[in-house]
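Survey of secondary and tertiary structure
Listed below are the residues making up each chain.
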Amino acid sequence: MTKADTDALIDALSAYLELPVEEAYRPGVKFHLETARGIAEDILALDLGDHAEPAAVYIP
Amino acid sequence: MTELLTATEIAEQVKSRKVSARQVAQNALARIDRLNPVLNAFTDVTRQRALAAADAVDAKLAAGHDPGPMAGVPYAVKNLFDIKDVVTLAGSKINRDDPPAARDATLISRLDAAGAVLLGGLNMGEYAYDFTGENAHDGPSRNPHDPAHMAGGSSGGCGAAGASAMVPLSLGSDTNGSIRVPSSLCGLFGLKPTYGRLSRVHSFPFVASLDHLGPFARSTADLALSYDCMQGVDPADPMGASRAPEPVMGEFSKGIAGLRIAVAGGYFAENGYPEALEAVAKVAEALDVAHRVEIPMAKVARASAYVITMSEGAALHLERLRTRHADFDPDVRDRLLAGAMIPAQWVVKAHKIRRAFHDALMHLFQSVDILLAPATPCKAPKIGQKTLILDGKEMALRPNMGIFTQPISFAGLPVVAVPVWTASSGHLPIGVQVIAPPWREDLALRVAHHLETMGIASAPVARGLETYA
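The structure presented is a predicted model; accordingly, all values stated were derived computationally and were not measured.

A word on the packing of aromatic side chains. Residues and elements named next belong to chain B. Counted by the stated rule, this structure contains 7 aromatic pairs over all chains. Aromatic side chains Phe268 and Phe404 sit 5.9 Å apart centroid to centroid with 35° between the ring planes, which places their arrangement in the tilted category. In this pair, Phe268 sits in the loop between strand 9 (261–264) and helix 8 (274–286) while Phe404 sits in the loop between helix 12 (397–400) and helix 13 (406–410), placing the two residues 136 residues apart along the sequence. Note on Phe268: relative accessible area 1%, which makes it buried.

This is the structure:
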């Protein structure tokens, strides 16, 4: 993911979510999005199979 | 000089009428008046309430009644706990517009019922999304061992108030490490109980999937005493466990005989500054522990907690991010805005990893009773420091002070953070996590108490405070 991709993502999602991202906020938001993308690599790489259940389960 | 006593010692003196609860409260309030301008621990001091509560304790004693096991013990709470008639700030500017709380948080009600005396609300990182104790609105909580250094966060006021003996006991919250990080940086004992053990009702949330509440103190006896007073089912907490109280007061001083203790290697032996690794080695040597185990999936567990926190935190604050974005602490706002853009698939996968991590840990706990790991990667950084070096790379400090605490709270395990003093940590302490299986706070407290008895872990009142005040 390039820096330009991150900018495009912020533009698209801020519009989609009606979430204002002022120019002063953009460097910080970019940093955290790019950091999260790196951290998420480990999550995405782990294969738990189709039958893994999430821990957050509603108990009626 | 009741200010320098532990909670247990104060309760004993009040109950035996060597000192009145009012005198204890007045001494504590005077110490807060003297030290808080420097350390910035308190955001609200509930003076009238405190004196009235202390008088009620004294009246009970005068009438021959038992005021409770925490008679006259002064305490304070992170300002995300509801305190009746006080606005629940949660470290924010935005919440200052809220009306005062209509009633106390459940844990405050329970401590008050045990005779404890609430002195006020404590500074914290905004909305608990913080490991530094810095706050753009109220200023940073300062480390009593050196006010140029961070108290840690997000329960920074708890660290500052405890290590300076403004109060012997405080309550904080821990979503990813916010009890254990300030305990480590300020040199206090901190208990993060099992997820679901203590009621969170009438406290301001952060990440419901991960939020815990728990006590800070300068002794393990005080942790045990207060923890027992706070246990109990609370049907109003949807994630509250339906377990009867399991008191630890009769357990925590039983020693470590028969306990299988291991040092967490792998992920927990990397990325630490020398003082972090030295602290764990010192504890392991004192306990005669040579066994090392790898906590499986620790790195991906931390990643999962990170992603869940970003996403749930952003969901909680989404409307405020739309309408009040300029009123956030910029460091918090930018993380929350990014969190609103995290793909849902990552979060769902992270919750699946949580279950798999739990299962892996339960397997590990078949052969081990206690795990030892660093609490923070380094001792208290200087206030304003933005980066630290981890694994040879310069990293943002704010999210990474929790690299060792995050996987453990993700699994919801009970932990006592114990304060250790090492040659490489100099005049500042650093914490070690004593980690137990779910619902076995008693085991973690037994090891912590044993270390305290040996003198390996200690939480002395910071020296030199009067020169700052």
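That was the structure; now back to the text.
What follows is about the pattern of salt bridges. In total, this model carries 29 salt bridges over all chains according to the counting rule given. The salt bridge partner of Asp369 of chain B is Arg260 of chain B, with a shortest N-O separation of 3.0 Å. Highlighted residues: Asp369 of chain B in the loop between helix 11 (344–364) and strand 11 (370–374) and Arg260 of chain B in the loop between helix 7 (220–230) and strand 9, separated in sequence by 109 residues. Residue Asp369 of chain B is classed as buried on the basis of its relative accessible area of 13%. A salt bridge links Asp331 of chain B to Lys386 of chain B; the shortest N-O distance between them is 3.5 Å. Residue Asp331 of chain B is located in helix 10 (residues 330–339), and its partner Lys386 of chain B is located in the loop between strand 11 and strand 12 (387–390); the two are separated by 55 residues in the primary sequence. Take Asp331 of chain B: its relative accessible area is 30%, and that puts it in the partly exposed class. Note on Lys386 of chain B: relative accessible area 53%, which makes it exposed. Each of Asp7, Asp11, Glu23, Arg26 and Lys30 of chain A takes part in one network of salt bridges that share partners.

A separate point is the sheet that holds strand 15 (residues 430–435) of chain B. All names here are of chain B. Strands sit in the order 1-3-2-6-8-7-14-15-11-9-10 across an open sheet of 11 strands; the sheet is mixed. One side of each edge strand has no neighbouring strand; the edge strands of this open sheet are strand 1 (42–45) and strand 10 (292–293). By the bridge criterion, 6 bridges tie strand 14 (residues 415–420) to strand 15 in an arrangement that is antiparallel. Paired with Ala417 across the two strands is Gln433, which belongs to strand 15.

Okay, the confidence of the model for chain B next. Residue-level pLDDT values for chain B average 97, and 100% of them are 70 or greater. For this predicted complex, the interface score ipTM comes out at 0.95, while the overall pTM is 0.97.

Next up on the list: the nonpolar core. All names here are of chain B. In this structure, Phe42, Ile295 and Val418 are the most contacted members of the largest nonpolar core, which totals 173 residues. Ranked by the residues each element gives to this core, the list is headed by helix 9 (residues 298–323), at 10 residues. When sequence neighbours within four positions are dropped, the list of residues in contact with Ile295 reads Ala264, Phe268, Phe357, Leu361, Leu364, Leu371 and Ile408.

Moving on, we get to the packing of helix 2 (residues 26–45) of chain A against helix 9 of chain B. Helix-helix packing is described using two parameters, namely the angle between the two axes and the distance between the axes. At a closest axis distance of 8 Å, the pairing of helix 2 of chain A and helix 9 of chain B adopts a crossing angle of 135°. As summarised for this structure, helix 2 of chain A and helix 9 of chain B are arranged oblique, according to the angle between their axes. Along this stretch, helix 2 of chain A crosses helix 9 of chain B, giving a crossing that reads as left-handed. Every residue of helix 9 of chain B that contacts helix 2 of chain A at His32, Thr35, Ala36, Ile39, Asp42 and Ile43 of chain A is listed here: Lys299, Val300, Arg302, Ala303, Ser304, Tyr306, Val307 and Met310 of chain B.

Turning our eyes to something else, we now look at the interface of chain B and chain A. Counting residues at the interface gives 34 residues for chain B, matched by 31 residues for chain A. In this structure, Asp42 of chain A and Lys299 of chain B form a salt bridge, with 2.7 Å as the shortest nitrogen-oxygen distance. There are 9 residue pairs in polar contact (both at pLDDT 80 or more) connecting chain B and chain A. Sorting the residues of the side of chain B that touches chain A by element identifies helix 9, helix 10 and helix 11 of chain B as the ones contributing at least two each.

Now for the environment of Ala114 of chain B. In this structure, Ala114 of chain B sits in the loop between helix 4 (106–113) and strand 3 (117–122). Other than its neighbours up to four places away in sequence, Ala114 of chain B contacts Pro67, Gly68, Pro69, Met70, Ala71 and Cys229 of chain B.

Okay, the pairing of strand 9 of chain B next. Residues and elements named next belong to chain B. Where strand 9 lies against strand 11, 3 bridges are found, and the strand directions are parallel. Across the sheet, the residue bridging to Val263 is Leu372, located in strand 11. Relative to strand 10, strand 9 runs parallel, the two being bridged by 2 bridges. Paired with Val263 across the two strands is Arg292, which belongs to strand 10. At this point the chain moves from strand 9, through helix 8, to the parallel strand 10, and the crossover so formed is right-handed.

Our next topic: the packing of helix 2 (residues 21–39) of chain B against helix 3 (residues 47–62) of chain B. All names here are of chain B. Interaxial distance between helix 2 and helix 3 falls to 7 Å at its minimum, and their mutual angle equals 155°. Between helix 2 and helix 3, the interaxial angle falls into the category roughly antiparallel. Crossing of helix 2 over helix 3 shows right-handed handedness. Contacts between helix 2 and helix 3 involve Ala21, Arg22, Ala25, Gln26, Leu29 and Asp33 from the former and Arg47, Leu51, Ala54, Asp55, Val57 and Asp58 from the latter. A class-by-class count of the residues in the contact of helix 2 with helix 3 yields 6 nonpolar, 1 polar and 5 charged.

Turning our attention to helix 5 (residues 156–163) of chain B. Residue and element names in this part refer to chain B. In terms of burial, helix 5 is a largely internal element, 8 of the 8 residues being buried. When we look at burial in helix 5, the residues that qualify are Gly156, Gly157, Cys158, Gly159, Ala160, Ala161, Gly162 and Ala163. Directly beyond the C-terminal end of helix 5, a positive phi value near 60° is found at Ala165.

All names here are of chain B. Relative to the elements of secondary structure, Asp104 occurs in the loop between strand 2 (74–78) and helix 4. The buried category is assigned to Asp104, whose relative accessible area is 15%. In terms of polar contacts, Asp104 uses its side chain to reach the backbone amide nitrogen of Lys84, at 2.8 Å. Residue contacts for Asp104: discarding those within four places in its chain leaves Arg49, Asp82, Ile83, Lys84, Ser109, Asp112 and His202.

Residue and element names in this part refer to chain B. Its location among the elements puts Asp58 in helix 3. Buried and unpaired, Asp58 has Arg22 as its nearest opposite-charge partner, separated by 5.9 Å. Within the local environment of Asp58, its side chain forms a polar contact with the backbone nitrogen of Ala21, the two atoms lying 2.7 Å apart. Setting aside residues no more than four positions away along its own chain, Asp58 makes contact with Ser20, Ala21 and Arg22.

Calculation criteria
- Residues numbered from 1 in each chain as written.
- Chains lettered and ligands numbered in written order.
- Predicted model: local features only at pLDDT ≥ 70, side-chain atom pairs only at ≥ 80, totals over all residues.
- Heavy atoms only, no water.
- Phe/Tyr/Trp six-rings, centres within 6.5 Å; stacked < 30°, edge-to-face > 60°.
- Helix = DSSP H or I, 4+ residues; strand = E, 2+ residues; numbered from the N terminus.
- Buried < 20%, exposed > 50% of the residue type's maximum accessible area, 1.4 Å probe, protein only.
- Salt bridge = Lys/Arg side-chain N within 4 Å of Asp/Glu carboxyl O.
- Pairing = 2+ DSSP bridges.
- pLDDT = per-residue confidence, 0-100.
- Core = buried A, V, L, I, M, F, W, Y, C linked by side-chain atoms within 4.5 Å.
- Contact = heavy atoms within 4.5 Å.
- Axes fitted to C-alpha atoms, helices over the stretch in contact; angles between N-to-C directions.
- Parallel < 35°, antiparallel > 145°, perpendicular 65-115°, else oblique.
- Left-handed = near helix turned anticlockwise from the far one by under 90°.
- Polar contact = N/O pair within 3.5 Å; in protein donor to acceptor, adjacent residues only side chain to side chain.
- Right-handed = clockwise from strand over helix to strand, strands pointing away.
- Nonpolar A, V, L, I, M, F, W, Y, C, P; charged D, E, K, R; others polar.
- Lys, Arg positive; Asp, Glu negative; His and termini not counted.

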